[in-house]
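# Notes for the structure review
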Amino acid sequence: MQAPSRRGFLVIAGAAAARPGTAPAQPAGSDTPGSEHWTTKRADGQDVRLFLWRRNARTAGPRKGTIVFVHGSSVSSTPVFDLEIPGRPESSTMQWFARKGFDTWCFDCEGYGRSDKSRPVNADVACGADDLAAVSEYILRTTGTAKLMLYGSSSGALRAALFAQRHPERVQRLALDALVYTGEGSPTLAERRKRLASYRASHRRPIDREMIRSIFTRDHPGTSDLTVVEAFADAVLKLDDSVPTGTYIDMSANLPVCDPARIAVPTMIMRGQYDGIASFRDLADFFEKLPNPDKQFIVMPGIAHTSTRSKNYAVAYHVIEQFFSQPAPVYTGA
């Protein structure tokens, strides 16, 4: 569909990409072994240990690319990107993309999951971008690949965007899902600002099952499969009963935290139809400022804030795969 003409860009909808709720066909007869990895980030004179997780299918031939998945504010990486539910192989985003021919990685930001939690910091967006800098160095060195494809959701999108702004030489393509730019017109952030004083009073905030469930129901009930949510909550709570406050503070009081005019890499903006974090207009402003003409704005129908956990997850998987598989242009006009 065409956005308002004064904006001058095309919004590409994923509605026809795949039948909602049904994963596109998977290649048969391959498995996707996982392996844990560790690296360190140097911060304030300390070595901060960061946990990485890799899924890479045992198939012959070159990989389509190396994807790094970046998690958001309230959960660590493996429950988001490598959730394993018997009989539901599509619940693991990493394994789905590994079977498609990608080398897939995720990592826990400082203060989350299995990564270091010892420093008295609230792990804000800039801290997460620093984590991604250390993680990217490790992955590039380990795999020998030249550049990485990045997917980030919510504050993970902000972490990935800020990293791409700082290190464009390491990024092949950038997918930003459930992003927020200025926060203008966001009902979710308006509610969150009411609790800003409590977030500022502590480096961490508690999480529980009810809070995790609310992520999937707050914007538009019915968009997520709640049977999956319970398994997701189990996985999250095995790793954390509290998470850092930094990204909540940034998204409530410090936006914008990155500059789209300085993000020079090919970029896709993904927005769920019912997402309460960012308005369409807020993201349109961000999209318009991106300088690279290799860019897309995707509107995902029937999806709220968590696209890969939605009933329409197949739409999200499809648009990510298509963007990461897109060939580089032969002619650029330069």
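First, a word on scope: everything that follows refers to the structure included in this document.

## Notes on the overall build of the protein
Across its full length, the protein carries eleven helices and eleven strands. A compact globule built from 334 residues should have a C-alpha radius of gyration of about 20 Å, and the protein, at 18 Å, falls within 12% of that. Counting only C-alpha atoms and orienting by the principal axes, one finds that the protein spans roughly 50 × 50 × 40 Å. Within the protein, the proportion of its 334 residues that are buried is 58%. Contacts spanning at least 24 positions in sequence make up 78% of the contacts within the protein whose residues lie at least 6 apart. Of the roughly 13,400 Å² that the protein leaves accessible, carbon and sulfur atoms contribute 52%. Charged side chains in the protein number 41 positive and 35 negative. The centres of these two groups are separated by 2 Å.

## Things to note about the packing of aromatic side chains
Within the structure shown, the criterion is met by 17 aromatic pairs. An angle of 75 degrees between the planes, with centres 6.2 Å apart, marks the rings of W105 and Y138 as edge-to-face. In this pair, W105 is assigned in strand β5 (residues 102-107) and Y138 in helix α3 (residues 125-143), connecting sequence segments 33 residues apart. A residue is classified by how much of its surface remains accessible, and W105, at 0% relative accessible area, is buried. Every member of this aromatic cluster is reached through a ring pair, and the members are F69, F81, W96, F97, F102, Y151, Y313 and Y317. Of note, R49 hangs over the ring of W38, and the distance from its end group to the ring centre comes to 4.2 Å.

## Description of empty space enclosed by the protein
Going through the model one piece at a time under the given rule, you end up with one cavity of 30 Å³ or more. Estimates place the volume of the largest cavity at around 310 Å³. V75, S154, I215, H305 and T306 are, among the 22 residues lining the largest cavity, the residues nearest its centre. Listed by contribution, the elements that provide at least two residues to the lining of the largest cavity are α1 (77-81), β6 (148-153) and α7 (209-217). Of the residues contributing to the lining of the largest cavity, the split by class is eight nonpolar, ten polar and four charged.

## What to know about the environment of L283
Here L283 lies in helix α10 (residues 280-289). Taking the C-alpha atoms as reference points, L283 and G183, 100 residues apart in sequence, are found 9.4 Å from one another. Those residues in contact with L283 that sit more than four places away from it in its chain are L179, V180, I269, R271, A278 and F297.

## Comments concerning the pattern of salt bridges
Taken as a whole and judged by the stated rule, the model has 24 salt bridges. R218 is the partner of D219 in a salt bridge, and the nearest nitrogen-oxygen pair spans 3.9 Å. Via salt bridges that share partners, K41, D44, E110, R119 and D131 belong to a single interconnected network.

## Observations concerning the packing of α7 against helix α8 (residues 226-239)
Taken N-terminus to C-terminus, the directions of α7 and α8 make an angle of 140 degrees; their axes are 10 Å apart at the nearest point. One finds that α7 runs oblique with respect to α8. By crossing handedness, the relation of α7 to α8 is classed as right-handed. Residues R209, I212, R213, F216 and T217 of α7 form the contact with α8, whose participating residues are L226, V229, E230, F232, A233, D234, V236 and L237. A per-class count over the contact of α7 with α8 returns eight nonpolar, one polar and four charged.

## Topic: the pairing of strand β7 (residues 171-177)
For β7, a buried count of six out of seven residues is recorded, marking the element as mostly surrounded by other parts of the structure. Sheet analysis places β6 next to β7, joined by six bridges and oriented parallel. Paired with S153 across the strands is D177, a residue of β7. One crossover worth recording links β6 to the parallel β7 by way of helix α4 (residues 155-166), and it is right-handed. The sheet contact formed by β7 and strand β10 (residues 267-272) spans four bridges and is parallel. Opposite L174, over in β10, you have T267 as the bridge partner.

What counts as what
- Residues numbered from 1 in each chain as written.
- Predicted model: local features only at pLDDT ≥ 70, side-chain atom pairs only at ≥ 80, totals over all residues.
- Heavy atoms only, no water.
- Helix = DSSP H or I, 4+ residues; strand = E, 2+ residues; numbered from the N terminus.
- Rg over C-alpha atoms; globule rule 2.2 N^0.38 Å.
- Buried < 20%, exposed > 50% of the residue type's maximum accessible area, 1.4 Å probe, protein only.
- Contact = heavy atoms within 4.5 Å.
- Areas by Shrake-Rupley, 256 points an atom, 1.4 Å probe, with all protein chains shown as cover.
- Lys, Arg positive; Asp, Glu negative; His and termini not counted.
- Charge placed at Lys NZ, Arg CZ, Asp CG, Glu CD.
- Phe/Tyr/Trp six-rings, centres within 6.5 Å; stacked < 30°, edge-to-face > 60°.
- Lys NZ or Arg CZ within 6 Å of the ring centre and 35° of its normal.
- 1 Å grid on protein atoms, 1.4 Å probe; cavity = no way out; pocket = protein on both sides within 12 Å on 5 of 7 lines; lining within 4 Å.
- Points joined across faces, edges and corners; volume = space filled by probe spheres on them.
- Nonpolar A, V, L, I, M, F, W, Y, C, P; charged D, E, K, R; others polar.
- Salt bridge = Lys/Arg side-chain N within 4 Å of Asp/Glu carboxyl O.
- Axes fitted to C-alpha atoms, helices over the stretch in contact; angles between N-to-C directions.
- Parallel < 35°, antiparallel > 145°, perpendicular 65-115°, else oblique.
- Left-handed = near helix turned anticlockwise from the far one by under 90°.
- Pairing = 2+ DSSP bridges.
- Right-handed = clockwise from strand over helix to strand, strands pointing away.

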